[in-house]
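Residue-level structure breakdown
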Amino acid sequence: MSSTIQAAAASKGDAEAVWLRAIGVPEHDPFTRDCSFLRAILWALARGGRRQAHILRILNVAVDIACETTGSDERAVRAALRNALDEIADAGDAVEVGDGWWLPAATREVQLHDGNGLRLLVGGVPTALLSPGLQAAVEAHGPFRRTRSDALRLELGLATQTLESWAGAPRTPMQAWASQLLDSPLTKYSEPNEGTRLRFYAPDRARPGAAQGARWAERPDGAGRFLMERTRIFGAREYRIAELREGRVESSGGPLLPGEHRRLMYALDARAKNPVSVRMMQTGDSVTLTLWSEVPRAEQRLFAALGHLELEDGRYYPRAWRFHLVHRGLVGAGLHGLGVVVQSDLRREQ
């Protein structure tokens, strides 16, 4: 459970030990424990996917068990478990089907092609339901489960999902995908009555290597199609393709899908011949990747499955991802697809 639950459970070690064995999760990682617990609760309430389970039922049952076992504050427990449910859904283990109803996702394997046989076990089946031999082959890592063994796929008859499909990356190369997006039909633009703030992504006007947050302009030079950020009066943001003429928006497309704007920003950086830079530094058997601009959602999912995010003093940037050295090639391939400049420290951090 969360660190709050972990602290409260210290005085109830025997009860928590029984609980941990029942859901089959490591004792040292509270967040991983949350995710494994919610996966098991959803599986039980949904009867292995044979029926749907409502969000209120899922959380009420999970909170009751957790609070009874640990004696922790109900509000803190509920917040932690709600977050865990969202995380296992993002990892591909749970599916929200609408109106608050959830199902465990079909169990499958995602091969990462890292040269070391690493793959993900994705889907709703709890680790604790696997045979002891298969459980030993699974490494829990937050909402993700990793393995290097063929045994899970062979014994369980698992289907295989491609890395691109699981991560949610476009199937076409970034520039071809960006062209399709930029060339999509537009309609005449009219400003909403409540007033908005408009900004336009202009990497050609930014200093070389600037972070993407510094590449937005209130009114870019010239005419043509731009990525437009529209901030509504209460702070909600949306992104659209907009056609500008003489500094005015003539037409625009509909709101982009969540996260599409970020990948488009990398494509526009490459077109402007002004890519962002990232730093990669090796320390012993680990590699730290430092970012000053966020990566798209697909790359975020890959990085989260492979490594750990380390923030400096609670600041959002820079974002430092730490990976085992064996994942350097896979991480580098993801960055290459975004067209970034990787600055490697050949001296190696001491």
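Being a predicted model, the structure only gives us computed values, none of them experimental.

1. Thoughts on the packing of helix α11 (residues 297–306) against helix α12 (residues 328–338)
To describe two helices that pack against each other, one gives the angle between their axes and the distance between the axes. Where α11 meets α12, the axes come as close as 11 Å, and the angle between the chain directions of the two elements is 170 degrees. Considering the angle they form, α11 stands roughly antiparallel to α12. When the axes of α11 and α12 are compared, the crossing they make is left-handed. Contacts between α11 and α12 involve E299, L302, F303 and L306 on the former and, on the latter, L330, V331, G334, L335 and L338. By residue class, the composition of the contact of α11 with α12 is 7 nonpolar, 1 polar and 1 charged.

2. A word on the nonpolar core
If you look at the biggest cluster of nonpolar residues, it comprises 46 residues, and the most contacted ones within it are W166, L227, L264, L289 and F303. Once residues within four sequence positions are removed from consideration, F303 is found in contact with L289, V295, W321, F323, V331 and L335. Within the second largest apolar cluster, 23 residues are counted, among which are F37, A53, A62 and L81.

3. Examining the confidence of the model for the protein
Per-residue confidence for the protein gives a mean pLDDT of 87, with 90% of residues at or over 70. In this model, residues 1–18 is a region of pLDDT below 50 whose contacts with residues beyond four sequence positions or in other chains number 33 contacts.

4. Some remarks on unusual backbone geometry
Omega for the peptide link from Y317 to P318 comes to -5 degrees, which places this bond in the cis form. Structurally, P318 can be placed in the loop between β17 (308–311) and β18 (319–324). A positive phi is found at E246, a non-glycine position, where the angle reads about 55 degrees. One can find E246 in the loop between β13 (237–245) and β14 (248–252).

5. Some details on the pattern of salt bridges
Taken as a whole and judged by the stated rule, the model has 22 salt bridges. Close ionic contact of E238 with R230 constitutes a salt bridge, the shortest N to O distance being 2.6 Å. A relative accessible area of 5% means that R230 is categorised as buried. For E238, the salt bridge goes to R232, with nearest N and O atoms at 3.6 Å. Since its relative accessible area comes to 13%, E238 is described here as buried. One network of salt bridges, with partners in common, ties together E109, R119, D150 and R153.

6. Things to note about the environment of L325
Assignment of secondary structure puts L325 in the loop between β18 and α12. According to the relative accessible area criterion, L325 is partly exposed, its value standing at 31%. Residues contacting L325, with those up to four places away along its chain left out, are Q282, G284, D285, S286 and V287.

7. Observations concerning the pairing of strand β12 (residues 224–231)
Here β12 lies mainly inside the structure; 7 of its 8 residues are buried. Note that strand β10 (residues 197–201) and β12 share 4 bridges and pair antiparallel. By the bridge assignment for β12, R199 is matched with E229. Bridge count for β12 against β13 is 8 bridges, and the pairing is antiparallel.

Analysis parameters
- Residues numbered from 1 in each chain as written.
- Predicted model: local features only at pLDDT ≥ 70, side-chain atom pairs only at ≥ 80, totals over all residues.
- Heavy atoms only, no water.
- Axes fitted to C-alpha atoms, helices over the stretch in contact; angles between N-to-C directions.
- Helix = DSSP H or I, 4+ residues; strand = E, 2+ residues; numbered from the N terminus.
- Parallel < 35°, antiparallel > 145°, perpendicular 65-115°, else oblique.
- Left-handed = near helix turned anticlockwise from the far one by under 90°.
- Contact = heavy atoms within 4.5 Å.
- Nonpolar A, V, L, I, M, F, W, Y, C, P; charged D, E, K, R; others polar.
- Core = buried A, V, L, I, M, F, W, Y, C linked by side-chain atoms within 4.5 Å.
- Buried < 20%, exposed > 50% of the residue type's maximum accessible area, 1.4 Å probe, protein only.
- pLDDT = per-residue confidence, 0-100.
- Salt bridge = Lys/Arg side-chain N within 4 Å of Asp/Glu carboxyl O.
- Pairing = 2+ DSSP bridges.

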